Amino acid sequence: MYTGRFAPSPTGPLHFGSLVAAVASYLEAKKHQGRWLVRMEDVDKPREVKGAADTILHQLEDFGFEWDGAVVYQSQRNDIYATALKQLNAQQLIYPCTCTRKEIADSSHQIGIDGMIYPRTCLNHPLKSNAAMALRIRTDNRECSFTDAIQGTITQYLATQVGDFILKRADGLFAYQLAVVADDAQQEVTHIVRGADLLDSTPRQIYLQQCLGYQTPHYAHVPVASNAAGEKLSKQTLASALDEANANYQLFHALSFLGQNPPAEIKNATLSEVWRWAFTYWQLSQAPKTRSLHLSD
Ligand code: GLU
Ligand code: ZN
């Protein structure tokens, strides 16, 4: 069965950029008579903002989203991530790393798509005792390629473009890359529709799926909304929180952003009328084929 999901991180209330991802994943699931799950990605507890998870769920309700089943919280699923890690460890893919950020910065000269490429110091040299350990996965230099329903074919060489990445941090927390892959598999998610800021993470996630023997879901990455300065709208760029008071207008705006060309007549329609229009006319193929799109007001 088609199973989609929306997986917000509770680091603040939803803003327009997160609404776009929620709308696209929701409409695509509805179009396929599928399930739509909500998963709270609170694996990184120190980054969580108190109360944000509840705020997000209320905002989703106020916008008229209806999710299937109970909301899943990553913070309660460490056993699932530990099992996945064990399985990777049994394949000798995992090794401990005691390097500090500074040591990596001093020893690595290669910059990848997501920061420094880890120079494999701890793989090649014995451990310093008593140091806090992160766990990394070995990446090989095979080509990792997939076809995104919106962005087309994406190819990455993990070893040279990303490097051996962390699955469990030195502070004991599981990394997003591992948690998201274990959760999507455990929840039998078949279709992932999310923001294109995660496009570069997808080859890492597919690599983990392959190592773990999981099926790779279908991917569609919608453009992220950027401000006039070209920065992604996020809690960091202080994007304003959604205002549920004019949810109908914001939904209309999200549909426009997603290339759906909603007719001007529904601009002032009620929220349920805008949803009705969207359920009828939603076409993923209309979404702009770009990673980022300037938000005009
Ligand atoms: N929790 C992630 C975020 O809010 C999204 C993860 C995903 O959709 O895979 O950026
Ligand atoms: Zn190291």
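Residues numbered from 1 in each chain as written. Chains lettered and ligands numbered in written order. Predicted model: local features only at pLDDT ≥ 70, side-chain atom pairs only at ≥ 80, totals over all residues. Heavy atoms only, no water.

## Remarks on the side chain of His-15
Then step 1. Positionally, His-15 belongs in the loop between strand S1 (3–6) and helix H1 (16–31).
Then step 2. We classify His-15 as buried; its relative accessible area is 7%.
Then step 3. From its side chain, His-15 meets the backbone nitrogen of Gly-17 in a polar contact 3.1 Å long. (Helix = DSSP H or I, 4+ residues; strand = E, 2+ residues; numbered from the N terminus. Buried < 20%, exposed > 50% of the residue type's maximum accessible area, 1.4 Å probe, protein only. Polar contact = N/O pair within 3.5 Å; in protein donor to acceptor, adjacent residues only side chain to side chain.)

## Focus on the sheet that holds strand S3 (residues 72–73)
Then step 1. Pairing within the open sheet is parallel, and its three strands lie in the order S1-S2-S3. Each edge of the open sheet carries a strand with a single partner, namely S1 and S3.
Then step 2. Alignment of S1 against strand S2 (residues 35–40), held across four bridges, turns out to be parallel. Paired with Thr-3 across the two strands is Arg-35, which belongs to S2. (Pairing = 2+ DSSP bridges.)

## Let's talk about the packing of aromatic side chains
Then step 1. Under the defined criterion, the tally for this structure stands at 12 aromatic pairs.
Then step 2. Note on Tyr-26 and Phe-279: the rings are 6.2 Å apart at their centroids and 55 degrees apart in plane angle, and the pair reads as tilted. With Tyr-26 in helix H1 and Phe-279 in helix H10 (residues 271–281), this residue pair connects regions lying 253 residues apart in the sequence.
Then step 3. On the accessibility criterion, Tyr-26 (3% relative accessible area) is buried.
Then step 4. For Phe-279, a relative accessible area of 39% translates into the label partly exposed.
Then step 5. Pairing Trp-275 with Phe-279 gives two aromatic rings, centres 5.7 Å apart and planes at 20 degrees, and the pair type is stacked. One end of the pair is Trp-275 and the other is Phe-279, both in helix H10 and four residues apart, which spans about a single turn.
Then step 6. These aromatic residues form a ring-pair network of at least three members: Phe-6, Tyr-26, Trp-36, Phe-65, Trp-275 and Phe-279. (Phe/Tyr/Trp six-rings, centres within 6.5 Å; stacked < 30°, edge-to-face > 60°.)

## Re the pattern of salt bridges
When charged atoms on two side chains of opposite charge get close, those side chains can pair.
Then step 1. Taken as a whole, this structure holds 13 salt bridges when the rule is applied.
Then step 2. The partner of Asp-106 in a salt bridge is Lys-102, with the nearest N and O atoms 2.7 Å apart. Taken as a pair, Asp-106 and Lys-102 lie in helix H4 (residues 101–107) at a separation of four residues, close to a single helical turn. When sorted by exposure, Asp-106 lands in the same class as Lys-102, which is exposed. (Salt bridge = Lys/Arg side-chain N within 4 Å of Asp/Glu carboxyl O.)

## Side note on H1
Then step 1. In a regular helix each residue adds 1.5 Å, so 16 residues correspond to 22 Å; H1 covers 22 Å between its end C-alpha atoms and thus fits that length.
Then step 2. Counting buried positions along H1 yields 13 of 16 residues, so the element is predominantly enclosed.
Then step 3. Positive backbone phi, at 50 degrees, marks Gln-33, one or two positions downstream of H1. (Expected span 1.5 Å × (residues − 1).)

## Some details on the coordination of the zinc ion (ligand 2)
Then step 1. Summarising the metal site, the zinc ion (ligand 2) is bound by the protein donors Cys-97 (SG), Cys-99 (SG), Tyr-118 (OH) and Cys-122 (SG), whose distances to it range over 1.9 to 2.3 Å.
Then step 2. Mapping the donors of the zinc ion (ligand 2) onto the primary sequence gives the spacing C-x1-C-x18-Y-x3-C. Taken together, the residues span a long stretch of sequence, with Cys-97 in strand S4 (residues 94–97) and Tyr-118 in the loop between strand S6 (115–116) and helix H5 (121–124) at a distance of 21 residues. The residues Cys-97 and Tyr-118 share a single accessibility class, namely buried. (Donors = N, O, S within 2.8 Å, 3.2 Å for Na, K, Ca; no water.)

## Quick notes on the sheet that holds S4
Then step 1. In spatial order, the strands read S4-S7-S10; together these three strands make up an open sheet with antiparallel pairing. Because the sheet does not close on itself, it has two edges, and the strands there are S4 and strand S10 (166–168). Across the sheet, the axes of successive neighbouring strands diverge by a mean angle of 45 degrees, strand direction being ignored.
Then step 2. Both strand S7 (residues 134–137) and S10 contribute to a ladder of two bridges, which runs antiparallel. Among the inter-strand pairings, Arg-136 is bridged to a residue of S10, identified as Ile-166. (Axes fitted to C-alpha atoms, helices over the stretch in contact; angles between N-to-C directions.)

## Focus: empty space enclosed by the protein
Then step 1. Tallying each qualifying case throughout the model produces one cavity of 30 Å³ or more.
Then step 2. Of the pockets and cavities examined, the largest cavity occupies roughly 50 Å³.
Then step 3. For the largest cavity, the full set of lining residues is Asp-140, Arg-142, Glu-143, Cys-144, Leu-158, Tyr-207 and Gln-210.
Then step 4. At the level of secondary structure, the elements contributing two or more residues to the lining of the largest cavity comprise strand S8 (143–148) and helix H8 (202–212). (1 Å grid on protein atoms, 1.4 Å probe; cavity = no way out; pocket = protein on both sides within 12 Å on 5 of 7 lines; lining within 4 Å. Points joined across faces, edges and corners; volume = space filled by probe spheres on them.)

## Some thoughts on the packing of helix H7 (residues 176–186) against H8
Then step 1. Packing of H7 against H8 leaves a shortest axis separation of 9 Å and a crossing angle of 55 degrees. In terms of orientation, H7 lies oblique with respect to H8. Between H7 and H8 lies a crossing whose hand is right-handed. Every residue of H8 that contacts H7 at Tyr-176, Gln-177, Leu-178, Val-180 and Val-181 is listed here: Arg-204, Gln-205, Leu-208, Gln-209 and Leu-212. (Parallel < 35°, antiparallel > 145°, perpendicular 65-115°, else oblique. Left-handed = near helix turned anticlockwise from the far one by under 90°. Contact = heavy atoms within 4.5 Å.)

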